[in-house]
Each structure stands twice: as structure tokens, then as C-alpha cells.
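Breakdown of the fold
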Amino acid sequence: MAPCVGIVLAGGRSSRMGRDKAGLLWHTGVTWAEHARQRLLSVCDDVHVSHADDLADLRSDFIGPLGGIESALTACMGRRCVFLPVDMPRVDESDLRVVTEVAEPHATYAQGWFPLMLTATPDVLATVQSILALPEARQRSVRALVEALQPNISIIDAAAPDRLKNINDPVELQAMGLGENTHG
């Protein structure tokens, strides 16, 4: 397989969490953004963080993960990109390796669409941009992107679906046993 670039999706508002999830501390003492970056480095040659400080969204209005995906595809044309949201700290190397080793140009998990591997081509970028141009916010989703890429995307069943869950709010954070001592 061709080398890939990892993209940590960390440009969200974190409104349900009440603070920036990228700055939360993982139990090893690194931020969630750094933890995700380290995970991606286990399977990718290069890693960027989709955030204002590294790989900023091309659009000024907040449009969710598709904004980070659009920016990464634009910057990494011709490369295979593996996207990992910062709020999925339980994803491990094996979860990432599965999506990078498929023969299809794109791959994702049936249990939530991330980690997501996309080959950055003009056609895929145009597909993302057409979804971003849809009038209603609920239409502009990663699910819509996955559906638009069919049949050229491999949909994988996760070996451990619990590792693929997003941690979105303090209750979910507490359930992970991380609680309030997670400020970065």
C-alpha cells in the first residue's frame, strides 16, 4: 500500500464538552490531540492536526468534520489520508491499520464512519464540496460522503466497536474514568 498521511480532526467547537477536547489529557499525560497524533504515526508517514494552528479549515464558517476533510484533501492531493477525530481516544493501532490495508481507494467503519481513509483525488474533493454546498446542515455529513462514495469504499465491521465511540460530553468522559482532572 502507498504511504498515507494522518489527519487529526480537532477543529470542532466542543460545545457539549464545555471545553476544547483537543486539550483534554489522556491517562498517559499527553493531550488528546497529541495522543491521536501518536496513534496515527503508528500507521502514517506524516500527521497533521486539522486545527487553526496546523491545517486550518478553508472556510471561515464552522461546518463540522467535512471542513477539516476538505482542507486535508486539498493539501494532500494524490495521497491516502486517514482521518481520526480527536474525541476518539480509545482507537488503537489495529483499528487504524485495518482501514489503511484495504484494496479499495477509501475505507471506513460501519460503526460511526471513523477512522476514515480517503484517497485525495479531484473527484473525491469535488464530492466533499458538493455535499458542503447542500442547503441544510443535516445534509452535510460524513454519512452523506460515505454514501456518495459507494461502491468505491470498503465498509468494515469493527473488531471492538467500543473503541470507535466518540467522547462528547462530561458524562461520557466520567464514564471513561477520566473525570475532571483532564484539563490541558
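See the structure shown above.
Residues numbered from 1 in each chain as written. Predicted model: local features only at pLDDT ≥ 70, side-chain atom pairs only at ≥ 80, totals over all residues. Heavy atoms only, no water.

A few words on the overall build of the chain. Looking only at helices and strands, the chain has six helices and six strands in total. Put simply, the chain runs from its N terminus to its C terminus through helices and strands in the order β-α-β-α-β-α-β-β-α-α-β-α. Sorting the 184 residues of the chain into buried and exposed places 46% on the buried side. Put simply, of all contacts in the chain between residues at least 6 apart along the chain, 72% involve residues at least 24 apart. Carbon and sulfur atoms form 50% of the exposed surface of the chain, whose accessible area is close to 8,600 Å². (Helix = DSSP H or I, 4+ residues; strand = E, 2+ residues; numbered from the N terminus. Buried < 20%, exposed > 50% of the residue type's maximum accessible area, 1.4 Å probe, protein only. Contact = heavy atoms within 4.5 Å. Areas by Shrake-Rupley, 256 points an atom, 1.4 Å probe, with all protein chains shown as cover.)

Looking at where Cys 44 falls in the secondary structure, it is placed in the loop between α1 (32-41) and β2 (46-50). Cys 44 gets classed as buried once you look at its relative accessible area, which sits at 5%. For the pair Cys 44 and Val 82, spaced 38 residues apart in the sequence, the C-alpha separation amounts to 7.9 Å. If we skip the residues at most four places from it in the chain, Cys 44 touches Cys 4, Val 5, Gly 6 and Val 82.

Let's shift gears to helix α2 (residues 65-75). Burial analysis of α2 places eight of its eleven residues in the buried class, which makes it a mostly covered element. Listing the buried residues of α2 in full gives Leu 66, Gly 67, Gly 68, Ile 69, Glu 70, Ser 71, Ala 72 and Leu 73. The elements touched by buried residues of α2 are β1 (4-9), β2, β3 (80-85), β5 (116-119), α4 (122-132) and α5 (142-149).

Our focus in this paragraph is the side chain of His 106. Of note, His 106 is situated in strand β4 (residues 106-109). A polar contact is formed between the side chain of His 106 and the backbone nitrogen of Thr 119, at a distance of 3.1 Å. For His 106, the residues in contact, after removing those within four places along its chain, are Met 117, Leu 118, Thr 119, Val 124, Leu 149, Asn 152, Ile 153 and Ser 154. (Polar contact = N/O pair within 3.5 Å; in protein donor to acceptor, adjacent residues only side chain to side chain.)

Okay, the nonpolar core next. Judged by nonpolar contacts, the single largest core of 58 residues is most densely connected at Ile 69, Leu 73 and Phe 83. In this structure, Ile 69 is in contact with Leu 9, Phe 83, Phe 114, Leu 116, Leu 118, Val 128 and Val 142, ignoring residues within four places of it in sequence. (Core = buried A, V, L, I, M, F, W, Y, C linked by side-chain atoms within 4.5 Å.)

Before going further, it helps to examine the environment of Asn 152. With respect to the helices, strands and loops of the structure, Asn 152 is situated in the loop between α5 and β6 (153-156). Its relative accessible area of 44% is what places Asn 152 among the partly exposed residues. In the structure, Asn 152 is positioned 47 residues away from Pro 105 in sequence and 6.6 Å away in space, judged by C-alpha atoms. Excluding residues within four positions of it along the chain, Asn 152 makes contact with Glu 104, Pro 105 and His 106.

Moving on, we come to the pattern of salt bridges. Tallied over the entire structure, the rule returns seven salt bridges. Measuring nitrogen to oxygen at the nearest pair gives 3.5 Å for the salt bridge that ties Arg 163 to Asp 92. Here Arg 163 is found in the loop between β6 and α6 (170-175), whereas its partner Asp 92 is found in the loop between β3 and α3 (93-100), with 71 residues between them in sequence. On the basis of relative accessibility, which here comes to 22%, the residue Arg 163 falls in the partly exposed class. The network of salt bridges with shared partners includes Asp 92, Asp 95 and Arg 163. (Salt bridge = Lys/Arg side-chain N within 4 Å of Asp/Glu carboxyl O.)

Once that is clear, we can look at the packing of α2 against α4. Across the interface, α2 lies against α4 with an axial gap of 10 Å and an inter-helix angle of 150°. In terms of axis orientation, α2 runs roughly antiparallel to α4. Here α2 runs over α4; the crossing is left-handed. Counting all contacts with α2, which are made through Leu 66, Ile 69, Glu 70, Leu 73 and Thr 74, the residues of α4 involved are Val 124, Leu 125, Val 128, Gln 129, Ile 131 and Leu 132. Class assignment of the residues belonging to the contact of α2 with α4 gives a composition of eight nonpolar, two polar and one charged. (Axes fitted to C-alpha atoms, helices over the stretch in contact; angles between N-to-C directions. Parallel < 35°, antiparallel > 145°, perpendicular 65-115°, else oblique. Left-handed = near helix turned anticlockwise from the far one by under 90°. Nonpolar A, V, L, I, M, F, W, Y, C, P; charged D, E, K, R; others polar.)

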